[in-house]
Amino acid sequence: MSMKEYPVKLTTGYYRVREDWEDEASQLGAYRLLANAKAKCDENPGSRVFDNDGNVIYPEEAVPVTGAEEAEEKPVMDEPEGKAPEEESSEEKDTPVTDEQKEEAGKEEYPTAEELPAAIAYGKLKTLMNIREMPDTSAEVVTIYKKNTLIEIVEFCAGWLKIKCPEATSGLAYVLNSADTYAFTASKIYTVVPGDNLWKIAEKELGDGSRCADIRALNGLTSNAIRVGMKLLIP
């Protein structure tokens, strides 16, 4: 491959400047920009620029070149690139960037966190369920939630619940719930505190202690036993 066919800037991998490809200790730097790699090579007689496969691509007399000789490239300022773990000890920093470039690069490397939609309801799974990227049974499974897992619902979607999901890249995912088959849902969650019982909770939250049976049914409880810290859906 001639010099003209090598990218001016790599998006993956590095142009490495070494005296000998087999001798990693001889590495003088690793660069995304070809011009910077060539400049480093010129500063150190006896060194060469290698591609990711160990092929010498500079100086030009070290590789066959066809066509007119390329015009000399001047070193240009490289954008900050993340170091690969195995290269931290041998890589050398490229030409320092300006404050403005650092700020712009920082925006790309550290995107601002976006606030997730507020929960409009809550749910408790009736069984083990797949949590998917999209509301489709053929969509990729992000994670699996166990029975009784509490979920925060941000939208009801034709047989699916759009929920907050820390395991998903976007922070949101979907769980199937056609005809309320797989999850109990409610507009409020109550956290049990010391001294509570179902009657007291129903009296406090619903204004009628006898509605404790509704709370029990909504949460899939088989008895009136509750424990401190338990989260209950409130009808």
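The shown structure was predicted, so the numbers you read here are calculated from the model rather than taken from an experiment.

A few points about the confidence of the model for the protein chain
Low pLDDT marks stretches whose predicted atomic positions should not be read closely.
Phase 1 of the analysis: Of all residues in the protein chain, 77% have pLDDT values of 70 or greater, and the mean over the chain is 82.
Phase 2 of the analysis: Low pLDDT (under 50) marks residues 87–92, which in the prediction has 16 contacts with non-local residues, meaning those over four places away or in another chain.

A closer look at the sheet that holds strand E3 (residues 48–50)
To summarise the sheet geometry, strands pair through backbone hydrogen bonds and adopt either a parallel or an antiparallel arrangement.
Phase 1 of the analysis: Read from one edge to the other, the open sheet built from four strands follows the order E2-E1-E3-E4, with strand pairing classed as antiparallel. Sheet topology places strand E2 (29–31) and strand E4 (56–58) at the edges, where each strand pairs with a single neighbour. Here the average twist between neighbouring strands, direction ignored, is 35°.
Phase 2 of the analysis: Relative to E2, strand E1 (residues 15–18) runs antiparallel, the two sharing three bridges. Its bridge partner lying in E2, Val17 is registered against Gly29.

Description of the environment of Asn55
Phase 1 of the analysis: Tracing the backbone through its elements, the reader meets Asn55 in the loop between E3 and E4.
Phase 2 of the analysis: Along the backbone, Asn55 and Trp21 are 34 residues apart, and their C-alpha atoms lie at a distance of 8.4 Å.
Phase 3 of the analysis: Apart from residues no more than four positions distant in its own chain, Asn55 is found in contact with Tyr6, Val49 and Phe50.

Overview of a negative patch on the surface
Phase 1 of the analysis: A cluster of acidic residues, Glu19, Asp20, Glu22, Asp23 and Glu24, forms a negative patch on the protein surface.
Phase 2 of the analysis: You can call Asp20 partly exposed: its relative accessible area is 41%.

Let's talk about the nonpolar core
In a soluble, globular protein the nonpolar side chains are often hidden away together inside.
Phase 1 of the analysis: Leu125, Ile131, Tyr145, Ile151, Leu161, Ile163 and Val175 are the most contacted members of the largest nonpolar core, which totals 14 residues.
Phase 2 of the analysis: Broken down by secondary-structure element, the contributors of at least two residues to this core are strand E5 (121–125), strand E6 (129–132), strand E8 (150–157), strand E9 (160–164) and strand E10 (172–176).
Phase 3 of the analysis: Those residues in contact with Tyr145 that lie beyond four places of it in its chain are Leu125, Thr127, Leu128, Met129, Ile131, Ile151, Ile163, Lys164, Cys165, Pro166 and Glu167.
Phase 4 of the analysis: Core analysis: the next-biggest nonpolar cluster, separate from the first, contains 11 residues, Tyr15, Tyr31, Leu34 and Val49 among them.

Topic: the packing of aromatic side chains
Phase 1 of the analysis: Using the criterion set out here, one finds two aromatic pairs in the structure.
Phase 2 of the analysis: Ring geometry for Tyr6 versus Tyr15: centroids 6.5 Å apart, planes at 70°, classification edge-to-face.
Phase 3 of the analysis: Tyr6 gets classed as buried once you look at its relative accessible area, which sits at 11%.
Phase 4 of the analysis: For Tyr15, a relative accessible area of 2% corresponds to the buried category.
Phase 5 of the analysis: The ring centre of Trp21 lies 4.6 Å from the NZ or CZ of Arg18, which sits over that ring.

Each value, and the rule that gives it
- Residues numbered from 1 in each chain as written.
- Predicted model: local features only at pLDDT ≥ 70, side-chain atom pairs only at ≥ 80, totals over all residues.
- Heavy atoms only, no water.
- pLDDT = per-residue confidence, 0-100.
- Contact = heavy atoms within 4.5 Å.
- Pairing = 2+ DSSP bridges.
- Helix = DSSP H or I, 4+ residues; strand = E, 2+ residues; numbered from the N terminus.
- Axes fitted to C-alpha atoms, helices over the stretch in contact; angles between N-to-C directions.
- Patch = residues over 30% accessible without salt bridge, like charges linked within 9 Å, V, L, I, M, F, W, Y side chains within 5 Å.
- Areas by Shrake-Rupley, 256 points an atom, 1.4 Å probe, with all protein chains shown as cover.
- Salt bridge = Lys/Arg side-chain N within 4 Å of Asp/Glu carboxyl O.
- Lys, Arg positive; Asp, Glu negative; His and termini not counted.
- Charge placed at Lys NZ, Arg CZ, Asp CG, Glu CD.
- Buried < 20%, exposed > 50% of the residue type's maximum accessible area, 1.4 Å probe, protein only.
- Core = buried A, V, L, I, M, F, W, Y, C linked by side-chain atoms within 4.5 Å.
- Phe/Tyr/Trp six-rings, centres within 6.5 Å; stacked < 30°, edge-to-face > 60°.
- Lys NZ or Arg CZ within 6 Å of the ring centre and 35° of its normal.

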